[in-house]
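# Working through the structure, step by step
The lines below spell out each chain.
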Amino acid sequence: MADKVAPIPNATPKLAFAVDVDPQRTRQPKRILHFSDGILEEYSSDEDEVAAAPERLQVNPHTLSWATWAVYFMTEVGKKSLAAADFCGEKLAWLFGITTPKYQYAIEEYRRRQKELEEELKQNKQRPEETQGLSTINVQVDNKPKDASEKY
């Protein structure tokens, strides 16, 4: 599996050869994962191929002896029962609301209050006098001395 090597003409002895890269032989990443701090390229390896699920053997129950047939039958019943219980459990959890977050109501209340505060701040910026608690009142002062004949 050596790469093709071609001599470079008029090159120094240290750089006498260049590697000819075959585009079909370059490794393609199996998947590319994007993170906030960079990109990770995941290549397939021998471990992934070994970890693949083994193929299920097709067994004809009519050709089995009584004891092996009973073990085979009980194994199949157990697998199907477990799958049915798992399915029913998921549906019941969804029905009773167990799959929702435990404190979702508190999260929604917090978001509602934050939204109300933002709206209140926006309104307060539009009315700066009212936010400071100040109001304008027209007061007229009469500096005339009062006569004794005037009654209050």
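Note that the coordinates shown come from a computational prediction; the quantities given were computed from them, not determined experimentally. (Residues numbered from 1 in each chain as written. Predicted model: local features only at pLDDT ≥ 70, side-chain atom pairs only at ≥ 80, totals over all residues. Heavy atoms only, no water.)

Within the protein, the regular secondary structure consists of four helices and four strands. Listing each helix as α and each strand as β along the protein from the N terminus yields β-β-β-β-α-α-α-α. Looking at the protein as a whole, 1% of its 152 residues are labelled buried. For the protein, the accessible surface area stands at approximately 15600 Å², while carbon and sulfur atoms represent 57% of it. (Helix = DSSP H or I, 4+ residues; strand = E, 2+ residues; numbered from the N terminus. Buried < 20%, exposed > 50% of the residue type's maximum accessible area, 1.4 Å probe, protein only. Areas by Shrake-Rupley, 256 points an atom, 1.4 Å probe, with all protein chains shown as cover.)

Right, let's talk about the packing of aromatic side chains for a bit. To describe a pair of aromatic rings, you give the distance between the ring centres and the angle between the ring planes. Within this structure, the stated rule accounts for two aromatic pairs. Note on Trp 69 and Phe 73: the rings are 5.2 Å apart at their centroids and 15° apart in plane angle, and the pair reads as stacked. Linking Trp 69 with Phe 73, this pair stays in helix H2 (residues 66-96), spanning four residues, or about one helical turn. You can call Trp 69 partly exposed: its relative accessible area is 33%. We classify Phe 73 as partly exposed; its relative accessible area is 41%. With a centroid separation of 6.5 Å and 55° between ring planes, the pair formed by Tyr 103 and Tyr 105 is classed as tilted. (Phe/Tyr/Trp six-rings, centres within 6.5 Å; stacked < 30°, edge-to-face > 60°.)

In this structure the tally under the stated criterion is six salt bridges. The closest approach of N and O atoms between Glu 109 and Arg 113, which form a salt bridge, is 3.1 Å. Of this pair, Glu 109 and Arg 113 both sit in helix H3 (residues 104-126), four residues apart, which is roughly one turn of the helix. Counted as one network, the salt bridges with shared partners bring together Glu 109, Arg 112, Arg 113 and Glu 116. (Salt bridge = Lys/Arg side-chain N within 4 Å of Asp/Glu carboxyl O.)

With that out of the way, let us pick up the confidence of the model for the protein. A residue-level look at the protein finds 66% of positions with pLDDT of 70 or above and a mean pLDDT of 77. Between the elements of the protein, mean pLDDT differs from a low of 54, seen in strand S2 (residues 17-20), to a high of 94, seen in H2. (pLDDT = per-residue confidence, 0-100.)

As a further point, take the pairing of strand S3 (residues 31-35). Regular strands place their side chains on alternate faces of the sheet. Relative to strand S4 (residues 38-42), S3 is paired through five bridges, and the arrangement is antiparallel. Along S4, the bridge assignment pairs Phe 35 with Gly 38. What sits between S3 and S4 in their antiparallel hairpin is a turn of two residues. (Pairing = 2+ DSSP bridges.)

Among the surface-exposed residues, Trp 66, Trp 69, Phe 73, Met 74 and Val 77 lie close enough to one another that they form a single nonpolar patch of about 570 Å² accessible area. Locating Val 77 in the fold gives a position in helix H2. By relative accessible area, which is 35% here, Val 77 ends up partly exposed. (Patch = residues over 30% accessible without salt bridge, like charges linked within 9 Å, V, L, I, M, F, W, Y side chains within 5 Å.)

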